[in-house]
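Structure assessment
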Amino acid sequence: MTTYYEEYSKVLVSVDCIIFGFDKDELRILIGKRKMDPGRGQWSLYGGFIHDNESLDEAANRVLYELTGLRNIYMQQVGAFGKVDRDPGERVISVVYYALINVKDYDVKLQELHGVKWIAVNELPPLYSDHNTMVALAHKMMQQKISREPISFNLLPTLFTLTQLQRLYEAVCGEKVDKRNFRKRIKDMDFIEKTNLIDKTSSRRGACLYRFNERAYNNAPNFKL
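All of the points below concern the structure found in this document. (Residues numbered from 1 in each chain as written. Predicted model: local features only at pLDDT ≥ 70, side-chain atom pairs only at ≥ 80, totals over all residues. Heavy atoms only, no water.)

Some points on the nonpolar core
To be explicit about the condition: The definition of a nonpolar core used throughout is a set of buried Ala, Val, Leu, Ile, Met, Phe, Trp, Tyr and Cys residues joined through side-chain atoms within 4.5 Å. Burial classes follow relative accessibility: with a 1.4 Å probe on protein chains only, a residue under 20% of its type's maximum area counts as buried, one over 50% as exposed, and anything between as partly exposed. Helix and strand labels come from DSSP, where a helix needs a run of H or I of at least four residues and a strand needs a run of E of at least two; each type is numbered from the N terminus. Pairs of residues are marked as contacts when any of their non-hydrogen atoms sit within 4.5 Å.
In this structure, I18, F20, I29, Y98 and I192 are the most contacted members of the largest nonpolar core, which totals 41 residues. For this core, the elements supplying multiple residues, two or more each, are strand 1 (12-23), strand 2 (26-33), strand 5 (74-81), strand 6 (92-100), helix 3 (131-145), helix 4 (162-173) and helix 5 (179-187). Among the elements that line this core, the one with the most residues is helix 4, at 6 residues. The residues contacting I29, other than those within four sequence positions of it, are I18, I19, F20, L45, K117, W118, I119, V121, L124 and V135. By size, the runner-up hydrophobic cluster in this structure holds 19 residues, among which are L67, M75, I101 and V103.

A closer look at unusual backbone geometry
That bond from D37 to P38 is cis: its omega, 0°, falls within 30 degrees of zero. Structurally, P38 can be placed in the loop between strand 2 and strand 3 (43-44). Of note in the backbone geometry, Y5 takes a positive phi value of approximately 65° without being a glycine. Among the structural elements, Y5 can be located in the segment before strand 1. A relative accessible area of 59% places Y5 in the exposed class. The backbone of D25 shows a phi angle near 65°, a positive value even though the residue is not glycine. Note on D25: relative accessible area 42%, which makes it partly exposed.

Here we look at the packing of helix 4 against helix 5
Selection criterion: Fitting a line to C-alpha atoms yields each axis, with helices limited to the stretch in contact; the angle taken between N-to-C directions then spans 0 to 180 degrees. The scheme is simple: roughly parallel for angles under 35 degrees, roughly antiparallel for over 145, roughly perpendicular for 65 to 115, oblique for anything else. Helix crossings are classified by the rotation of the near helix relative to the far one: an anticlockwise turn of less than a right angle makes the crossing left-handed, while a clockwise turn makes it right-handed. In the scheme used here, Gly and all other residues not listed as nonpolar or charged are polar, with Ala, Val, Leu, Ile, Met, Phe, Trp, Tyr, Cys and Pro taken as nonpolar and Asp, Glu, Lys and Arg as charged.
With their axes 11 Å apart at the nearest point, helix 4 and helix 5 run at an angle of 110° to one another. Between helix 4 and helix 5, the angle is such that the two are roughly perpendicular. Relative to helix 5, helix 4 is oriented so that their crossing is right-handed. Together, L162, T163, L165, Q166 and Y169 of helix 4 and K179, F182, R183 and I186 of helix 5 make up the contact between the two elements. Of the residues in the contact of helix 4 with helix 5, the class split is 5 nonpolar, 2 polar and 2 charged.

Some points on the side chain of T195
Filter applied, for reference: Polar contact is defined as a pair of N or O atoms within 3.5 Å, subject to the rule that within protein one atom must be able to donate a hydrogen and the other to accept it, and that residues adjacent in sequence are counted only when both atoms are side-chain atoms.
The residue T195 is located in strand 8 (residues 192-199) in this model. Side-chain polar atoms of T195 contact the backbone nitrogen of L197, separated by 3.2 Å. From its side chain, T195 meets the backbone oxygen of L209 in a polar contact 2.7 Å long. Ignoring sequence-local partners within four residues, the contact set of T195 consists of L159, L209, Y210 and R211.

Some thoughts on the packing of aromatic side chains
Put simply, the rule is: Here is the rule: rings of Phe, Tyr and Trp (six-membered ring for Trp) pair when centre to centre is within 6.5 Å. Planes less than 30 degrees apart are stacked, more than 60 are edge-to-face, and the remainder are tilted. Counting as a charge over the ring demands two things of the Lys NZ or Arg CZ atom: a distance within 6 Å of the ring centre and an angle within 35 degrees of the ring normal.
The final tally for this structure, using the stated rule, is 10 aromatic pairs. Between the aromatic rings of Y106 and W118, the centroid separation amounts to 6.3 Å while the plane-to-plane angle is 90°, which identifies the pairing as edge-to-face. With Y106 in the loop between strand 6 and helix 2 (108-114) and W118 in strand 7 (residues 116-120), this pair connects stretches of sequence that are 12 residues apart. Here the aromatic cluster, defined as three or more aromatic residues joined through ring pairs, consists of F153, F160, F191, F212 and Y217. Here the guanidinium or amino end of R71 rests over the ring plane of Y65, the centre of that ring lying 3.7 Å away.

Below, the structure is given as structure tokens:
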């Protein structure tokens, strides 16, 4: 261990992960009650301190795996939060990530183990420290990206209906869209493939199931919803 920079004070660095899911036509995030001081018992995002041998992305992936048991999750860095008084315990700088998962892929037993719940974004309680601000910024980034990149498919099952896709888009953007125009735009996208399968869970007649073709998208990435 070197003795460089001894004249400077040391700060702690953590990662906080905002995990978005889509369920019952609502955009939701995973939150739980803090099990440590300061802030014990307050609603909070899930996070952890960075280990000495980890990069930021590696730490975020570790935290996401610990919570969800899932690997290769879609993840984007939101930014760093470093107000001097943001944590009453110590000087902590937090680097925030948001992740997108299909709610059905998340094992309920892990959810119970960690004591976390899916809460609708527009019904969030006051969260620990600046976590509400983190969520608001991540949500805004999603809104800006969802019309330009096919990130929405990370929140859906492999096979989905056009109604599910539209409701997801509306939930993220917070506004209704015209059904006819939306479906017309979808039909112009070769990478959203119609299958021969029918979903009959929502009506007797059923609805056609679609899937996202990543290879087709990479060959012609002109995406705009």
